[in-house]
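# Overview (structure and organization)
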Amino acid sequence: MAKVLVATEKPFAKVAVEGIQKIVEEAGFEFALLEKYTSEEEFLKAVADVDALIVRSDKVTKNVVEAAKNLKIVVRAGAGYDNLDLEACSAKGVVAMNTPGQNSNAVAELALGMMVYMARNSFHAGTGAELRGKKLGIHAYGNVGRYVATIAKGFGMDVYAFDPFVTAEAMEKEGIKVCQSVEELYSTCNYVSLHIPANDKTKKSINFDLLSKMPKGGVLVNTARKEVIDEEGMVKIMESRPDFKYLSDIEPANAAELKEKFADRVFFTPKKMGAETAEANINAGLAAARQIVGFINNGDKTFQVNK
Ligand code: 3PG
């Protein structure tokens with residue numbers, strides 16, 4: 001009997017775990033759960049006899065893949081799979097998947113929520129500003145970017161996007177003004193919302209030069225990955241531009257320094273929480289379980305991210 005482990009340092013909502021268990025058991029597989037683990041050792045022990053693994057941002061390292069002797073499939077219940085060692089998976093013939101789109105709306109709502117929070121003086125007394133009529137740049141028009149655009153249009157924002165992997169025609173059809181370069185996006189928009197993955201090309205790519213192109217009062221919103229920010233460049237722009245603001249769902253390594261120096265111009269959630277809604281947990285968790293059943297029973301490799 002195939003054994004499916006849900007290993008989540010940051011647990012899914014209970015209702016999502018119950019849904020995953022139901023799908024796994026109805027397929028005739030064994031269900032196992034490891035939540036809030038505190039060491040890699042615990043994780044390594046739990047994967048020893050599993051055939052399939054569901055994780056969130058949990059690091060599926062070479063160690064984990066090698067310790068999981070029977071592993072055939074790992075599904076990252078979410079979008080970004082920078083936490084999976086794809087090379088190690090491929091070397092062992094393990095199929096790696098994500099569940100694209102399933103938690104996107106939750107992340108998008110948080111991005112807009114943070115924008116409102118900052119525009120209204122962190123909900124302190126005093127005159128704030130409105131989002132209506134402001135220019136919002138979507139940096140990468142994928143699943144989350146599209147939800148952000150839809151909600152922002154509801155706010156009456158003027159939405160721009162840059163994404164070399166999406167055609168101008170597709171974006172224009174959805175009412176988006178297309179930028180030809182990342183520089184054009186940043187120099188045009190009052191707000192920029194980041195939706196790029198963390199990889200060798202994007203890490204530290206959001207740097208001083210790019211941010212300094214933003215108009216006066218520029219706001220960067222990061223619900224993507226902290227690795228894409230050049231942290232030194234961020235300190236530099238905050239120091240040289242007293243009008244610049246930075247909102248992030250992911251506490252950067254230099255969060256303490258930024259909060260101390262620029263208290264009213266930065267906001268960081270205490271723990272990454274973009275996808276922390278019951279709806280997103282259910283959507284992504286159940287999709288992951290169904291993908292595992294489809295793969296084990298029918299060899300369905302839709303959403304495979306390692307080749
Ligand atoms: C994702 O890539 O899907 C999001 O960053 C959510 O990550 P999480 O599952 O760790 O909340």
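Looking now at the sheet that holds strand β2 (residues 30-35). Strand pairs in the sheet, formed through backbone hydrogen bonds, run parallel or antiparallel to each other. Across the sheet, 5 strands lie side by side as β2-β1-β3-β4-β5; this open sheet has parallel pairing. Whereas interior strands pair on both sides, the edge strands pair on one side only; in this sheet they are β2 and β5 (95-98). Strand after strand, the sheet turns through a mean of 15 degrees between neighbouring axes, direction not considered. Two strands pair when backbone bridges link them, and strand β3 (residues 52-55) and strand β4 (residues 73-76) are joined in this way by 4 bridges, in the parallel orientation. Residue pairing across strands places Ile54 opposite Val75, the latter belonging to β4.

A separate point is the site of the ligand. Around the ligand lies a shell formed by Lys10, Arg56, Ser57, Arg76, Gly78, Ala79, Gly80, Asn103, Arg225, Lys272 and Ala275. Contact distances for the ligand include 2.8 Å between an oxygen atom and a backbone N or O atom of Gly80. Between the ligand and the protein, one listed contact pairs an oxygen atom with a side-chain N or O atom of Arg225 at 2.8 Å. With the chains in place, 94% of the 320 Å² that the ligand exposes on its own is no longer accessible.

Right, let's get into the domain arrangement of the protein. Taken domain by domain, the protein consists of domain 1 (3-102 + 277-298) and domain 2 (104-268). At the junction of the two partners, domain 1 supplies 8 residues and domain 2 supplies 5 residues. Across the domain 1 to domain 2 interface the summed buried area is about 480 Å²; carbon plus sulfur atoms make up 44%. Between Asp82 and Arg225 there is a salt bridge whose closest N-O contact spans 3.1 Å.

Take the pattern of salt bridges next. A complete count under the given rule lists 14 salt bridges for this structure. A salt bridge links Lys72 to Asp51, with the nearest nitrogen and oxygen atoms 2.6 Å apart. One end of the pair, Lys72, is in the loop between α3 (62-67) and β4; the other, Asp51, is in the loop between α2 (40-47) and β3, with 21 residues separating them in the sequence. Take Lys72: its relative accessible area is 38%, and that puts it in the partly exposed class. Asp51 gets classed as buried once you look at its relative accessible area, which sits at 13%. We note a salt bridge from Arg146 to Glu174, for which the minimum N-O separation is 2.6 Å.

Within the secondary structure, Ala129 sits in the loop between α5 (104-119) and β6 (135-139). Residues Ala129 and Ala13, spaced 116 residues apart in sequence, show a C-alpha to C-alpha distance of 35 Å. Beyond its immediate chain neighbours, meaning those up to four positions away, Ala129 contacts Ala119 and Arg120.

Here we take up the sheet that holds strand β11 (residues 245-248). Taken together, 7 strands build an open sheet; the order of strands is β8-β7-β6-β9-β10-β11-β12 and the sheet is parallel. Edge strands, defined here as strands with exactly one partner in the open sheet, are β8 (177-178) and β12 (266-268). Bridging between β6 and strand β7 (residues 158-162) involves 5 bridges; their strand directions are parallel. Within β7, the position partnered with Ile138 by the bridge is Ala161. Packing against the sheet, helix α6 (residues 143-154) makes contact with β6, β7 and β9 (191-194), and its axis sits at approximately 170 degrees to β6.

In this section: the nonpolar core. Residues Tyr186, Ile206, Leu220 and Met234 are the most contacted members of the largest nonpolar core, which totals 31 residues. Only β7, α8 (182-188), β9, α9 (208-211), α10 (231-240), α11 (255-261) and β12 provide two or more residues apiece to this core. Setting aside residues no more than four positions away along its own chain, Tyr186 makes contact with His139, Val192, Leu194, Ile206, Leu210, Leu211, Lys213, Met214, Pro215 and Leu220. In terms of nonpolar packing, the next biggest core, distinct from the first, is built from 28 residues, Val107, Leu112, Ile138 and Ala161 among them.

Moving on, we come to the state of the cysteines. By the definition in use, this model includes 0 disulfides. Cys179 carries a free sulfur, and the closest cysteine sulfur to it, the one in Cys189, is 5.6 Å from it. Exposure remark for Cys179: the relative accessible area of 4% places this residue in the buried category.

How each quantity is defined
Residues numbered from 1 in each chain as written. Predicted model: local features only at pLDDT ≥ 70, side-chain atom pairs only at ≥ 80, totals over all residues. Heavy atoms only, no water. Pairing = 2+ DSSP bridges. Helix = DSSP H or I, 4+ residues; strand = E, 2+ residues; numbered from the N terminus. Axes fitted to C-alpha atoms, helices over the stretch in contact; angles between N-to-C directions. Near = heavy atom within 4 Å. Polar contact = N/O pair within 3.5 Å; in protein donor to acceptor, adjacent residues only side chain to side chain. Areas by Shrake-Rupley, 256 points an atom, 1.4 Å probe, with all protein chains shown as cover. Domains from an automatic or database assignment. Contact = heavy atoms within 4.5 Å. Buried area = accessible area lost by both parts, 1.4 Å probe. Salt bridge = Lys/Arg side-chain N within 4 Å of Asp/Glu carboxyl O. Buried < 20%, exposed > 50% of the residue type's maximum accessible area, 1.4 Å probe, protein only. Core = buried A, V, L, I, M, F, W, Y, C linked by side-chain atoms within 4.5 Å. Disulfide = S-S within 2.5 Å.

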